[in-house]
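# Overview (structure and organization)
Here's the letter readout for the chains.
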Amino acid sequence: MSGDPRFRETQRFRQGWLWAFLLVTNVPILILLGVMFADEYGGLTPEAIRVGGLTLLALVLPLVLIHRAVLVTEVRDDGVYLKFFPFHLRFRRIPFGEIGAVESAEYSAMRDYGGWGIRWGVSLTRHGVAWSERGKAYIVDGSEGVRLERDGERPLLVGSERADELRRAIEDGRRY
């Protein structure tokens, strides 16, 4: 990486409805497992403790990942850098030389990309799920971002709460 960033943005999942949904769906599963594996006196069998522990881990791990997830976007002298922790431990660099057109974009995370996070061009249609030509996307929150057209690659959308500022930083960086 070169020099101090011209632009830096850090985004986290803040959707309250997401946390409510995860809690509302996970708590009944734990209660149901407790009822299913209870012995005739209401105590837990060793099998129930093992299954319950694994289920709790399977339910809590995604919550922890979502809570800790952070998208860091930087524009430096030599390109655009993206890191979506905990899925990327290091920045991914897109050199300015690989970037063709840069444009501000409005999108619907569900309709256009099938959800939030790192998305690979799947979108929801009236007839189900379909691959789209929209390319890859990094989406955490909101409905605005910057679409990068890349030579020989599918487009890349970077969601941003400061999309215009990000676009200008990329355009300025490409001039030098």
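First things first, this report covers the structure right here in the doc. Computed from a predicted model, the values in this text were never measured in an experiment.

### What to know about the sheet that holds strand 2 (residues 70-76)
The sheet built from 4 strands is open, its strands ordered 1-2-3-4 with antiparallel pairing. Looking along the sheet, the strands with just one partner apiece sit at the ends: strand 1 (7-12) and strand 4 (92-95). Pairs of neighbouring strands in the sheet enclose a mean axial angle of 15°, with direction left out of account. The sheet contacts of helix 4 (residues 163-175) involve strand 1, strand 2 and strand 3 (79-85), and relative to strand 2 the element is tilted by about 35°.

### Overview of the nonpolar core
Within the largest apolar cluster, 23 residues are counted, with the highest numbers of intra-cluster contacts made by Val75, Phe84, Ile99, Leu148 and Ile170. Elements supplying a minimum of two residues to this core: strand 2, strand 3, strand 5 (99-106), strand 8 (144-150), strand 9 (156-159) and helix 4. No other element matches the 4 residues that helix 4 contributes to this core. Setting aside chain neighbours within four positions, we find isoleucine 170 in contact with Val75, Val80, Phe96, Ile99, Val102, Val146 and Leu148. Formed by 7 residues, the second largest nonpolar core is a distinct cluster that contains Ala105, Tyr107, Ile139 and Leu157.

### Considering the pattern of salt bridges
Once their charged atoms are close, side chains differing in charge can pair, the charge on each being opposite to the other. Enumeration according to the criterion identifies 10 salt bridges in this entry. Arginine 76 is the partner of glutamate 74 in a salt bridge, and the nearest nitrogen-oxygen pair spans 2.8 Å. Pair check on accessibility: glutamate 74 and arginine 76 agree, each one buried. Notably, a salt bridge pairs aspartate 112 with arginine 111, separated by 3.7 Å at the nearest N-O pair. For aspartate 112, a relative accessible area of 9% corresponds to the buried category. The exposed category is assigned to arginine 111, whose relative accessible area is 53%.

### Observations regarding the packing of aromatic side chains
Between two aromatic rings, the relevant description is the distance of the centres plus the angle of the planes. Going through the model one piece at a time under the given rule, you end up with 5 aromatic pairs. Their ring planes at 80° and their centres at 6.4 Å tell us that tyrosine 107 and tyrosine 113 sit as a pair that is edge-to-face. When its relative accessible area of 1% is taken as the criterion, tyrosine 113 is described as buried. Taken together, the aromatic side chains of Phe13, Phe84, Phe87 and Tyr138 make up a single cluster linked through ring pairs. Over the ring of tyrosine 81 we find arginine 76; its NZ or CZ atom is 6.0 Å from the centre of that ring.

### Notes on helix 2 (residues 46-68)
Taking 1.5 Å as the rise per residue, helix 2 with 23 residues should run 33 Å; its terminal C-alpha atoms sit 32 Å apart, in good agreement. Every buried residue of helix 2 is listed here: Ala48, Thr55, Leu59 and Leu63.

### Considerations on the environment of isoleucine 170
Positionally, isoleucine 170 belongs in helix 4. Linking isoleucine 170 and valine 102, residues 68 residues apart in sequence, is a C-alpha distance of 7.7 Å.

### Here's the deal with the pairing of strand 1
Here strand 1 shows a buried face lined by Phe7, Glu9 and Gln11 and an unburied face lined by Arg8, Thr10 and Arg12. Two elements, strand 1 and strand 2, share 6 bridges in a ladder whose sense is antiparallel. Bridge pairing in strand 2 places arginine 8 opposite glutamate 74.

### Observations regarding the side chain of glutamine 11
In this fold, glutamine 11 is placed in strand 1. Among the residues examined, glutamine 11 registers a relative accessible area of 1% and is labelled buried. Within polar-contact distance, the side chain of glutamine 11 engages the backbone oxygen of glycine 159 at 2.8 Å. The contact partners of glutamine 11, leaving out residues within four places of it in the chain, are Ala69, Val70, Leu71, Val140, Asp141, Gly159, Ser160 and Glu161.

Reading the values: rules and limits
Residues numbered from 1 in each chain as written. Predicted model: local features only at pLDDT ≥ 70, side-chain atom pairs only at ≥ 80, totals over all residues. Heavy atoms only, no water. Pairing = 2+ DSSP bridges. Helix = DSSP H or I, 4+ residues; strand = E, 2+ residues; numbered from the N terminus. Axes fitted to C-alpha atoms, helices over the stretch in contact; angles between N-to-C directions. Contact = heavy atoms within 4.5 Å. Core = buried A, V, L, I, M, F, W, Y, C linked by side-chain atoms within 4.5 Å. Buried < 20%, exposed > 50% of the residue type's maximum accessible area, 1.4 Å probe, protein only. Salt bridge = Lys/Arg side-chain N within 4 Å of Asp/Glu carboxyl O. Phe/Tyr/Trp six-rings, centres within 6.5 Å; stacked < 30°, edge-to-face > 60°. Lys NZ or Arg CZ within 6 Å of the ring centre and 35° of its normal. Expected span 1.5 Å × (residues − 1). Polar contact = N/O pair within 3.5 Å; in protein donor to acceptor, adjacent residues only side chain to side chain.

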